[in-house]
Amino acid sequence: MKKPLLFLAALALFAGAAAAEKTVESPFSFEYREIAQKLQGPSAPFEKNGCIVFSAELGPRYVGIAFDFENYQIIHPFMRKSTFDENGDHVNTWYFYILEDVPETSKIYYRMIVDGLWTTDKLNPNQYYDTQTGIHLSELTVHKRKALATRINSSDNMGLQTAGSSQLDGATHFVYRGKSGQKVRLAGNFTKWDSWIYELRETAAGLYELDLPLPAGTYYYVYYIGTERFPDATNHERAWTDDGRPISKLVVE
């Protein structure tokens, strides 16, 4: 028996409404999207809202970047952006990369990868010659560092605590930044990789913290949200498991 057309129309309307309610969350943070939206063209590297923006002129098919704090082992690909005038006419197209997890350092050294060739940043006049390797590196002075990162608490950095956090001098202060309302768990060799012992507390919107006294030693750890596990983005020290998964490394002296 054929279904009435009215029923089919209602079914199509319901399916359309369900599809409209389904949303896909952006993999990029609000700060990233805000910076990317306001970019107008390629320029020398600059800092914005705690991030660093790198760019490259259009021409090559591929542009990537590798940093000294990752031992140049990770190549981060650039994205392409185009701008248009009020009439919709094309103005410019170029490449850009936004570094969100800026390490706590005064200088960053990096190299660009352009169509498979390692080179310096043409838009950054500041270079450093590494006499040990005989390689020219691009150099960038970091003026604004992200203070909130996983670290060992001391009297020198206790003033960096946020409202609602309670930091113990000498303890390891774990930090995670993400969406608000999540349950972020901590697992490591100090918990025998049990992720149900420690949970970070949300001290501000999207900011999770935990103080954990750890004796001197070398520790490896990851964060969990649900069944997903991932290394600490605020700590750039890495190690790898036997099956090749990245984990965070922390040395307490």
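Residues numbered from 1 in each chain as written. Predicted model: local features only at pLDDT ≥ 70, side-chain atom pairs only at ≥ 80, totals over all residues. Heavy atoms only, no water.

Now for the overall build of the protein. Within the protein one finds two helices and 20 strands. Put simply, of all contacts in the protein between residues at least 6 apart along the chain, 60% involve residues at least 24 apart. Accessible surface for the protein amounts to roughly 15,400 Å². Of this, 55% is attributable to carbon and sulfur atoms. (Helix = DSSP H or I, 4+ residues; strand = E, 2+ residues; numbered from the N terminus. Contact = heavy atoms within 4.5 Å. Areas by Shrake-Rupley, 256 points an atom, 1.4 Å probe, with all protein chains shown as cover.)

Glancing now at unusual backbone geometry. The residue Asn71 is not glycine, and still its phi comes out positive at about 55°. Relative to the helices and strands, Asn71 resides in the loop between strand 3 (63–67) and strand 4 (76–77). The phi dihedral of Tyr72 is positive, around 55°, even though this residue is not glycine. Following the sequence through the fold, Tyr72 ends up in the loop between strand 3 and strand 4.

The strands that make up a sheet pair up through hydrogen bonds in the backbone, lying either parallel or antiparallel. Reading across from one edge, 11-12-16-15 is the order of the four strands in this open sheet, with antiparallel pairing throughout. Each edge of the sheet is formed by a strand with only one pairing partner; in this case those strands are strand 11 (151–152) and strand 15 (201–204). Pairing analysis gives three bridges linking strand 15 to strand 16 (residues 207–212), with the strands arranged antiparallel. Each residue of the ladder has a partner; that of Ala204, found in strand 16, is Leu207. (Pairing = 2+ DSSP bridges.)

Looking now at the sheet that holds strand 1 (residues 46–48). Taken in spatial order, the four strands make up an open sheet running 1-2-6-5, and their pairing is antiparallel. Every interior strand has two partners, whereas the edge strands, strand 1 and strand 5 (79–84), have only one. Each neighbouring strand pair of the sheet contributes to a mean axis angle of 40°, computed without reference to strand direction. When strand 2 (residues 51–57) meets strand 6 (residues 90–99), the two strands line up antiparallel, connected through six bridges. Note that in strand 6 the partner of Phe54 across the bridge is Tyr97. (Axes fitted to C-alpha atoms, helices over the stretch in contact; angles between N-to-C directions.)

Okay, the confidence of the model for the protein next. Taken as a whole, the protein shows an average pLDDT of 82; of its residues, 79% reach a score of 70 or greater. Here residues 1–25 is a poorly scored stretch, pLDDT under 50, and it has two contacts once near neighbours within four places are set aside; other chains count. A low-confidence stretch, residues 155–166 (pLDDT under 50), is modelled with 26 contacts involving residues beyond four sequence positions or located in other chains. (pLDDT = per-residue confidence, 0-100.)

We now examine the side chain of Arg185. As for its position among the elements, Arg185 is in strand 13 (residues 185–188). Of note is the side chain of Arg185, whose polar atom sits 3.0 Å from the backbone oxygen of Gly226. When near neighbours in sequence (up to four residues on either side) are disregarded, Arg185 contacts Ser195, Trp196, Tyr198, Glu199, Leu200, Val222, Tyr223, Tyr224, Ile225 and Gly226. (Polar contact = N/O pair within 3.5 Å; in protein donor to acceptor, adjacent residues only side chain to side chain.)

Glancing now at the packing of aromatic side chains. This structure, assessed with the given rule, holds 15 aromatic pairs. For the pair Tyr176 and Phe230, a centre-to-centre distance of 5.6 Å together with 45° between the ring planes defines the contact as tilted. Of this pair, Tyr176 sits in strand 12 (residues 172–177) while Phe230 sits in strand 18 (residues 228–230), placing them 54 residues apart in sequence. A residue is classified by how much of its surface remains accessible, and Tyr176, at 15% relative accessible area, is buried. Assessed through its relative accessible area of 16%, Phe230 is described here as buried. Joined through ring pairs, the aromatic side chains of Phe174, Tyr176, Phe190, Tyr208, Tyr219, Tyr221, Tyr223 and Phe230 make up one cluster. (Phe/Tyr/Trp six-rings, centres within 6.5 Å; stacked < 30°, edge-to-face > 60°. Buried < 20%, exposed > 50% of the residue type's maximum accessible area, 1.4 Å probe, protein only.)

The subject of this paragraph is a nonpolar patch on the surface. Judged by side-chain polarity, Tyr62, Ile75 and Trp118 come together as a nonpolar surface patch covering roughly 260 Å² of accessible area. Secondary-structure assignment places Tyr62 in the loop between strand 2 and strand 3. (Patch = residues over 30% accessible without salt bridge, like charges linked within 9 Å, V, L, I, M, F, W, Y side chains within 5 Å. Salt bridge = Lys/Arg side-chain N within 4 Å of Asp/Glu carboxyl O.)

Attention now goes to the pairing of strand 9 (residues 127–130). Here four bridges tie strand 9 to strand 10 (residues 135–141), and the two strands are oriented antiparallel to one another. Bridge pairing in strand 10 places Gln127 opposite Ser138. Hairpin connection, strand 9 to strand 10: the antiparallel pair is bridged by four residues, and Gly134 has positive phi, about 70°.

Next up on the list: the nonpolar core. Among the nonpolar cores identified, the biggest contains 17 residues, and Phe54, Phe67, Phe78, Leu99 and Ile108 are the most heavily contacted of them. Looking at this core, the elements with two or more residues in it are strand 2, strand 3, strand 6 and strand 7 (107–114). The residues touching Leu99, leaving out its near neighbours within four places in the chain, are Cys51, Ile52, Phe54, Phe67, Phe69 and Ile108. In this structure, Phe174, Val184, Tyr219 and Ile225 belong to the second largest nonpolar core, which totals 16 residues. (Core = buried A, V, L, I, M, F, W, Y, C linked by side-chain atoms within 4.5 Å.)

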